[in-house]
Amino acid sequence: MISLSQMLAKLVLFCLTFGQLYAAEILNSTDCSFKYGCFYSPKDCVDDQCEFVAKWRLIEDQIEFIIGAKFDKLKQNWLAIAFSYDKSMGNDSVVACKFNAEANNTVQNYYNPGQFDPELINSKEPSEGLSDVKITNFKGLLICTFKRDKSKNAKNFFDLNENYYLLMAKGDLEKDGSLTYHASDKAISQQKIDFNIALEAKSVKVSTNFVKIHAILMIIAWPFLSTIGILFASRISHKFFSYKSKCS
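Residues numbered from 1 in each chain as written. Predicted model: local features only at pLDDT ≥ 70, side-chain atom pairs only at ≥ 80, totals over all residues. Heavy atoms only, no water.

Visitor: Lay out the sheet that holds strand S9 (residues 141-149) with the relevant residues and their values.
Guide: The six strands are arranged S8-S9-S3-S2-S1-S12 in an open sheet whose pairing can be described as mixed. Two strands close off the open sheet at either side, each with one partner strand: strand S8 (130-138) and strand S12 (200-201). Two elements, strand S1 (residues 37-41) and S12, share two bridges in a ladder whose sense is parallel. In the sheet register, phenylalanine 39 faces S12, and the bridge partner there is alanine 201. (Pairing = 2+ DSSP bridges. Helix = DSSP H or I, 4+ residues; strand = E, 2+ residues; numbered from the N terminus.)

Here you go:
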């Protein structure tokens, strides 16, 4: 008769093996461009050096996705993939995978109208258009697998028969399960992607330094340019009225 400790040991071994198989599947790049379409970030990263990974393949009227990302510590976190008309957040279709070590894991369908204020496509059925969802982790790598309907007669449900930029991001979950802002933890494809074919997509390097520099320059530029504008306007108006008085 198998003891409780033996059963627990076998369960732990099964979970580890299950996670290892998923990790091996998503990090394997040899099947890219013929079995799967693939996206790795940073560009040309190898195995566990990758911060973000996405693979997809067409299965009848659905697209199967396997997405993954590295986390320093997994407790209550989210990982998301977005389909966008451009390389910026806003007006995007988002699938978010929510991992909670102390509760149930979920995969939900969102629409993001702005920079970061996602709305559930269907609050009564958060996983509308998604099936065969699985979330697992292996040594800090959060892996999420799901099938998404290519199209659906629902508001803000993007049709994957069209091409989109691929955006990926990760972050922490709030206590109520909502998503926190991802800051610099994101990746973007260089070009729009046809998710119906197996092609390898390149990523764009996202540098936080450029974001900081841009913000600093904007802070400096506004008071400087506004002062120049005021001085310029006063000089022009003075000359204009002086010229007008001479004409009259």
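Having seen it, we continue.
Visitor: I'd like to hear about the state of the cysteines, residue by residue, with values.
Guide: Evaluation of the coordinates by the stated rule reveals three disulfides. For cysteine 45, the disulfide goes to cysteine 50, at an S-S distance of 2.0 Å. Handedness of the cysteine 45-cysteine 50 disulfide follows from its S-S torsion of about 105°: it is right-handed. Each member of the pair, cysteine 45 together with cysteine 50, is buried. Here the cysteine-cysteine linkages of the protein are recorded as 1-2, 3-4, 5-6, numbering only bonded cysteines and doing so in sequence order. (Disulfide = S-S within 2.5 Å. Buried < 20%, exposed > 50% of the residue type's maximum accessible area, 1.4 Å probe, protein only.)

Visitor: I'd like to hear about the side chain of lysine 147, residue by residue, with values.
Guide: Residue position: lysine 147 is located in strand S9. The exposure class assigned to lysine 147 is buried, which follows from its relative accessible area of 17%. Reaching out from lysine 147, the side chain makes a polar contact with the side chain of aspartate 132 at a distance of 3.1 Å. For lysine 147, the residues in contact, after removing those within four places along its chain, are Ile59, Gln62, Ile63, Glu64, Gly129, Leu130, Ser131 and Asp132. (Polar contact = N/O pair within 3.5 Å; in protein donor to acceptor, adjacent residues only side chain to side chain. Contact = heavy atoms within 4.5 Å.)

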